[in-house]
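A look at the structure
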Amino acid sequence: DQQVKQNSPSLSVQEGRISILNCDYTNSMFDYFLWYKKYPAEGPTFLISISSIKDKNEDGRFTVFLNKSAKHLSLHIVPSQPGDSAVYFCAASARGGTSYGKLTFGQGTILTVHP
Amino acid sequence: GAGVSQSPSNKVTEKGKDVELRCDPISGHTALYWYRQSLGQGLEFLIYFQGNSAPDKSGLPSDRFSAERTGGSVSTLTIQRTQQEDSAVYLCASSLDLAGGSYEQYFGPGTRLTVT
């Protein structure tokens, strides 16, 4: 049972344009969401997070949007840069229930930003 | 400051052998997590330790897998009688405080395990 899904395995965008990465979840107990970025042969690096009490969180070029009714979140990168090329993982956690303390990850989306 | 470190970075072992993977978390982080990433998959939760509480082992795939955390710091993940399906990258992460709601976990570089 895949509780966090990233349905696009890859995304290719031009430098300077917007990258939009999507993530859907099924567990209504999830109340905290994170995006991680991963380069080859390295561990994932925390990028940005959002609590379920918000619907938007912005940090520089990165903005995460949360739509609780649709159980959907997205990461926007504007403007995209070649150095953003990496695998992006969406993750979710909950303050209660069996998911407490654990991050449940999506399968990842490979982002390629072309110069 | 020092991040999460893991050793070895790569491990090749024969089917049926036991392996030990080590994780040194960030100093002062009370929570420690193990995940694994199989080829083409997302990260799969295995186990976590929080302070002196009993570990949550609910993600361990079989009783061949075990983990311990000594002195609230270093952790070792042991896989007994390895199987080819155990081949994956094993990632360790730590975070400051689970109960306080800080869920940002900081990951080590991982150990790539190959079972031949």
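Residues numbered from 1 in each chain as written. Chains lettered and ligands numbered in written order. Predicted model: local features only at pLDDT ≥ 70, side-chain atom pairs only at ≥ 80, totals over all residues. Heavy atoms only, no water.

Tallying secondary structure elements over chain A gives zero helices and 11 strands in all. Put simply, chain A runs from its N terminus to its C terminus through helices and strands in the order β-β-β-β-β-β-β-β-β-β-β. Residues classed as buried in chain A amount to 48% of the 115 residues present. Taking all contacts inside chain A whose residues are at least 6 apart in sequence as the whole, residues at least 24 apart take part in 55%. Just so you have it, chain A exposes about 5,400 Å², and 51% of that area is on carbon and sulfur atoms. (Helix = DSSP H or I, 4+ residues; strand = E, 2+ residues; numbered from the N terminus. Buried < 20%, exposed > 50% of the residue type's maximum accessible area, 1.4 Å probe, protein only. Contact = heavy atoms within 4.5 Å. Areas by Shrake-Rupley, 256 points an atom, 1.4 Å probe, with all protein chains shown as cover.)

Once that is clear, we can look at the packing of aromatic side chains. Enumeration over the complete set of coordinates arrives at 13 aromatic pairs over all chains. The interplanar angle of 70° and the centroid separation of 5.9 Å between the aromatic rings of A:Tyr36 and A:Phe46 together place this pair among those described as edge-to-face. You can see A:Tyr36 sitting in strand β4 (residues 32-38) and its partner A:Phe46 sitting in strand β5 (residues 45-51), a full 10 residues away along the chain. Note on A:Phe46: relative accessible area 24%, which makes it partly exposed. Clustering of aromatic rings is evident, with ring pairs tying together A:Tyr36, A:Phe46, A:Phe89, A:Phe105, B:Tyr33, B:Tyr35, B:Phe45, B:Tyr48 and B:Phe107. (Phe/Tyr/Trp six-rings, centres within 6.5 Å; stacked < 30°, edge-to-face > 60°.)

Quick look at the pairing of strand β4 (residues 31-37) of chain B now. All names here are of chain B. Burial analysis of β4 places seven of its seven residues in the buried class, the great majority of the element. Here β4 shows two buried faces, one formed by Ala31, Tyr33, Tyr35 and Gln37 and the other by Leu32, Trp34 and Arg36. The sheet contact formed by β4 and strand β5 (residues 43-50) spans seven bridges and is antiparallel. Each residue of the ladder has a partner; that of Trp34, found in β5, is Ile47. Remark: five residues form the turn of the hairpin made by β4 and β5, two consecutive strands paired antiparallel; Gly40 in that turn has positive phi of roughly 75°. Relative to strand β8 (residues 88-95), β4 runs antiparallel, the two sharing seven bridges. Pairing of Tyr35 across the sheet is with Leu91, part of β8. (Pairing = 2+ DSSP bridges.)

Residues and elements named next belong to chain B. With respect to the helices, strands and loops of the structure, Asp18 is situated in the loop between β2 (10-13) and β3 (19-24). Asp18 sits 88 residues away from Tyr106 along the chain, and the two C-alpha atoms are 27 Å apart. Once you skip the residues sitting within four places of it in the chain, Asp18 turns out to touch Ile79, Gln80 and Arg81. Within the structure, the side chain of Asp18 is placed 2.8 Å from the backbone nitrogen of Arg81, a separation counted as a polar contact. (Polar contact = N/O pair within 3.5 Å; in protein donor to acceptor, adjacent residues only side chain to side chain.)

Our next topic: the state of the cysteines. Note: disulfide means a covalent bond formed between the sulfur atoms of two cysteine side chains. All names here are of chain A. Tallied over the entire structure, the rule returns two disulfides over all chains. One disulfide bridge connects Cys23 with Cys90, the sulfur atoms lying 2.0 Å from each other. Looking down the S-S bond of the Cys23 and Cys90 bridge, the torsion is -70°, so its handedness is left-handed. Of this pair, Cys23 sits in strand β3 (residues 19-25) while Cys90 sits in strand β9 (residues 86-93), and the two are 67 residues apart along the sequence. (Disulfide = S-S within 2.5 Å.)

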